[in-house]
There are 2 protein chains.
Amino acid sequence: MHLRRQPVWSSRPLRLIRAVCVALSLAGCAASHDGLPPVQATATRPAATLSSWRDTAAKQAIQSFVADVTREGSPSFVPPAQRIAVFDNDGTLWSEQPLYFQFVFMLEQVKAAAPRHPEWKDNPAFKALVAKDYDALASQQKALLQLVTLANSGMTVDDYHKTIGAWLASARHPKFNRPYTDLVYQPQLELLAYLRANGFKTFIVSGGTAEFMRVWAEKAYGIPPEQVIGSSQVVQYEVRNGQPVLVREPKLDFIDDGPGKPVGIYRHIGHKPILAFGNSDGDLQMLQYTAAGPGRHLALLLHHDDAAREFAYDRTSKVGKLDKAWDEAVADGWTVVSMKNDWQTVFPAPKQ
Amino acid sequence: MHLRRQPVWSSRPLRLIRAVCVALSLAGCAASHDGLPPVQATATRPAATLSSWRDTAAKQAIQSFVADVTREGSPSFVPPAQRIAVFDNDGTLWSEQPLYFQFVFMLEQVKAAAPRHPEWKDNPAFKALVAKDYDALASQQKALLQLVTLANSGMTVDDYHKTIGAWLASARHPKFNRPYTDLVYQPQLELLAYLRANGFKTFIVSGGTAEFMRVWAEKAYGIPPEQVIGSSQVVQYEVRNGQPVLVREPKLDFIDDGPGKPVGIYRHIGHKPILAFGNSDGDLQMLQYTAAGPGRHLALLLHHDDAAREFAYDRTSKVGKLDKAWDEAVADGWTVVSMKNDWQTVFPAPKQ
């Protein structure tokens, strides 16, 4: 258990063994495979299969968990109203390297507003932006968000949504040369559908802003705007030319990251999830909160260990750093999902 | 149209005519009664009928609206994902006189905490509380909320929920001598069920705090905690004795009232409702925002004009004042619902 400060992908066999142990300890296979097929819903709802997941311990942990909480009369049964599943977005549902995709969008906004803000020249986040110092930017999330609030202050939320949509329609990822919204993870799309087919309500709980995700999350993930929780900027109600509008103010409202995630969940959902899926230290408290129960629960951590198909990073990465959450996953028996070993496919096939 | 500053219940016939005109102008009867029964869902889902609504223009306005937005292929059709209905709580879904019920609960909390806060003796909201000056208290909602945040600061949210539940289980309304949760409106329970049967998602958008409502809203209204939007107090994530908890901080977070309601809707739901139901000036902006469209929408205002069965109040009431919103309803053709004339029943029958 001495993985501190060394890249975990340098010890793959050890990790694999560990992940399998963790998954098996959570899966409770003996108890759940009591003559029933592990997941009945997949038999009747073929659309919601986990076909991009390899038949490894991680998939079995998910299927056993879902079987346990949906089996009426069992002590681990959870009524549908309480089947709340929360997913981080960046690095959990879609890629986040080399820089959180929303940051790329924000940088465009800030650049466009810079001529109106000569005072930014001494701002560390702005200087990092001009220098394209992604590492510095990734560690200055709050300072960058503050620049963004200034950049789009006074804009109505409808106009802001249009700028997000326009950017998404034209921008391309530097490595994959595909639209950012293509870089969602196929196994996660299947997992979301599978959970919903089993009576779960699926939520996004992201450090990114809610409105950035809401523009595309329903089409991409089947998650409606009202189930997207994120960071936010203050907006104000105004009547302009006789029309009610909501206008963005130059002030951060809430940072839905780290310890903010359980707070965001409480504020928005009002009860505790039974499944949480994250990939970085920003998800640590959300996973702790979910893993504390009471009752059957599943805490999942995606490990980016697949340089060939996506990226490989963890303890030392500025974007999506996975360090404390990894240690806690190991110590507390959370299910670690290896992108390399547990996923058959990473991205959906490009649209023809 | 000169009703300003005079109690509107003194001119019932005039109001009735006006309400009928308003309702008919919204109902678009000619367009909607094109050979189809106005609401098909009621035929197949007998539980979701509006049987406590009299057959007046208000009921017809609701049924025509629902028929219009659910008729596939019609220009007014709205896909289910966008059928968002928002309801104020106090005075719209349950009673609010002689003092918002949550205030009664809060007063108990503040009284219990007073010995620890000698500095409150000069606080106007606290003085009004001691003097049982309900009028003064009703107009000092924010000051009272601030006392409450101090009173329950440091308490975990789970403990706080228990105090709400315990109070609701024992408290009785001074006029009706029934538990407060009995004083929900039967016609509104039917309307909520009817909307859901027609593919709507129903939300509460209240000046009260979300957690106060979430304790009982699902059982009372069929509205789950994640569809309850309200005012809020700051909470913080902590690990106490190895257990993750959320702790209440002595600070208001958000006031979901007046212009805060469209903001709360945007933050939480992320898209605009097509139906909004309120009863007071605190709902004005929510109704304006909904009524601005685009597309078919329905803005409803409940008028408390039934002293015999509930209470009669409007322009001059400290609790649930209905003044500007009434004028705007008249000017803009919103549907005004008269408790006295449009509702067959007010409260559910007492449980045996």
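Basis of the calculations
- Residues numbered from 1 in each chain as written.
- Chains lettered and ligands numbered in written order.
- Predicted model: local features only at pLDDT ≥ 70, side-chain atom pairs only at ≥ 80, totals over all residues.
- Heavy atoms only, no water.
- UniProt positions renumbered as here; feature names shortened; annotations may be inferred.
- Helix = DSSP H or I, 4+ residues; strand = E, 2+ residues; numbered from the N terminus.
- Buried < 20%, exposed > 50% of the residue type's maximum accessible area, 1.4 Å probe, protein only.
- Areas by Shrake-Rupley, 256 points an atom, 1.4 Å probe, with all protein chains shown as cover.
- Contact = heavy atoms within 4.5 Å.
- Buried area = accessible area lost by both parts, 1.4 Å probe.
- Salt bridge = Lys/Arg side-chain N within 4 Å of Asp/Glu carboxyl O.
- Pairing = 2+ DSSP bridges.
- Axes fitted to C-alpha atoms, helices over the stretch in contact; angles between N-to-C directions.
- Least-squares fit on C-alpha atoms with pLDDT ≥ 70 in both.
- Polar contact = N/O pair within 3.5 Å; in protein donor to acceptor, adjacent residues only side chain to side chain.
- Core = buried A, V, L, I, M, F, W, Y, C linked by side-chain atoms within 4.5 Å.
- Domains from an automatic or database assignment.
- Parallel < 35°, antiparallel > 145°, perpendicular 65-115°, else oblique.
- Nonpolar A, V, L, I, M, F, W, Y, C, P; charged D, E, K, R; others polar.

In the annotation of an unreviewed UniProt entry, the entry for chain A reads phosphoserine phosphatase, and the organism field reads Paraburkholderia aromaticivorans. Looking at the Cofactor (unreviewed entry) heading of the UniProt record, one finds this comment for chain A: "Mg(2+)". UniProt lists a comment for chain A under the heading Pathway (unreviewed entry), and it reads "Amino-acid biosynthesis; L-serine biosynthesis; L-serine from 3-phospho-D-glycerate: step 3/3."

Caption draft 1: Quick peek at the overall build of chain A. Check the secondary structure of chain A and you find 16 helices and seven strands. Across the 352 residues that make up chain A, the buried fraction comes to 60%. For chain A, the exposed area adds up to about 13900 Å²; of that, 55% sits on carbon and sulfur atoms.

Caption draft 2: Up close: the interface of chain A and chain B. Each partner contributes residues to the interface: chain A has 34 residues there, and chain B has 35 residues. Of the roughly 2800 Å² buried where chain A meets chain B, counting both sides, 57% is carbon and sulfur surface. It is A:Glu226, A:Tyr237 and A:Tyr266 in chain A that bury the most area against chain B; as a group they hold 25% of the surface buried on that side. The interface formed by chain A and chain B includes four salt bridges. For A:Asp253, the salt bridge identified is with B:Arg267, shortest N-O distance 2.8 Å. Contributing elements (two or more residues each) for the side of chain A that touches chain B: helix H9 (157–170), strand E2 (201–209), helix H11 (210–214), strand E3 (228–240), strand E4 (243–254), helix H13 (260–268) and helix H14 (284–291) of chain A.

Caption draft 3: View of the sheet that holds E3(A). All names here are of chain A. Overall, mixed pairing links the seven strands, which are arranged E4-E3-E2-E1-E5-E6-E7 in an open sheet. With one partner strand each, in any of the chains shown, E4 and strand E7 (335–338) form the two edges of the open sheet. Direction aside, neighbouring strands of the sheet carry axes that sit 35° apart on average. Two strands pair when backbone bridges link them, and strand E5 (residues 275–278) and strand E6 (residues 298–303) are joined in this way by four bridges, in the parallel orientation. By the bridge assignment, Ala276 is partnered in E6 with Ala299.

Caption draft 4: Inspection of the relation of the copies chain A and chain B at higher detail. Superposing chain A onto chain B requires a rotation of 180° together with a translation of 0.0 Å along the rotation axis, leaving an RMSD of 0.0 Å. What we have between these two chains is a two-fold relation. Closest approach to the rotation axis among the C-alpha atoms of chain A is made by A:His268, whose C-alpha sits 3.5 Å away. In this assembly the copies share their binding face: 100% of the residues contributing to the interface of chain A also contribute to that of chain B.

Caption draft 5: Looking closely at the pairing of strand E4 (residues 243–254) of chain B. Residue and element names in this part refer to chain B. Bridge count for strand E3 (residues 228–240) against E4 is eight bridges, and the pairing is antiparallel. Paired with Gln236 across the strands is Val247, a residue of E4. If you look at the hairpin formed by E3 and E4, you'll find two residues sitting between the two strands, and Asn241 has a positive phi there, around 50°.

Caption draft 6: Quick look at the side chain of B:Ser76. Residue and element names in this part refer to chain B. Note on placement: Ser76 falls in the loop between helix H4 (57–70) and strand E1 (84–87). With a relative accessible area of 17%, Ser76 lands in the buried category. One polar contact links Ser76 to Ser74, side chain to side chain, over a distance of 3.0 Å. Not counting residues within four places of it along the chain, the set of residues in contact with Ser76 comprises Asp68, Val69 and Arg296.

Caption draft 7: Local environment of the sheet that holds strand E5 (residues 275–278) of chain B. Residue and element names in this part refer to chain B. Strand order in this open sheet of seven strands is E4-E3-E2-E1-E5-E6-E7, and the pairing throughout is mixed. Both edges of this open sheet fall to E4 and strand E7 (335–338), since each of them pairs with a single strand only. Direction aside, the axes of adjacent strands within the sheet are offset by 35° on average. Helix-sheet contacts for helix H8 (residues 141–151) involve strand E2 (201–209), E3 and E4, and the interaxial angle to E4 is about 155°.

Caption draft 8: Spatial organisation of the nonpolar core. Within the largest apolar cluster, 75 residues are counted, with the highest numbers of intra-cluster contacts made by A:Trp53, A:Ile62, A:Phe87, A:Leu191, A:Tyr221, A:Leu275 and A:Phe277. Summarising the domain contributions, this core has at least three residues from each of domain 1 (20–98 + 183–342) and domain 2 (101–170) of chain A. One finds B:Met106, B:Ala171, B:Leu192 and B:Leu195 within the second-largest nonpolar core, a separate group that totals 74 residues.

Caption draft 9: Region of interest: the packing of helix H13 (residues 260–268) of chain B against helix H14 (residues 284–291) of chain B. Residues and elements named next belong to chain B. One way to put it is that H13 packs onto H14 with a least axis distance of 6 Å and a crossing angle of 55°. Looking at the two axes, H13 sits oblique to H14. Residue-level contacts link Lys261, Pro262 and Ile265 of H13 to Gln285, Met286 and Tyr289 of H14. For the contact of H13 with H14, the class distribution of residues is four nonpolar, one polar and one charged.

Caption draft 10: Local environment of unusual backbone geometry. Backbone torsion omega between A:Gly293 and A:Pro294 reads 10°, so that peptide bond is classified as cis. Among the secondary structure elements, A:Pro294 is positioned in the loop between H14 and E6. The phi dihedral of A:Asn241 falls on the positive side, at around 50°, and the residue is not glycine. Checked against the element boundaries, A:Asn241 lands in the loop between E3 and E4. The class of A:Asn241 is exposed, set by a relative accessible area of 82%. Even without being a glycine, B:Asn177 presents a positive backbone phi close to 50°. One can find B:Asn177 in the loop between helix H9 (157–170) and helix H10 (186–197). B:Asn177 sits in the exposed class, given a relative accessible area of 58%.

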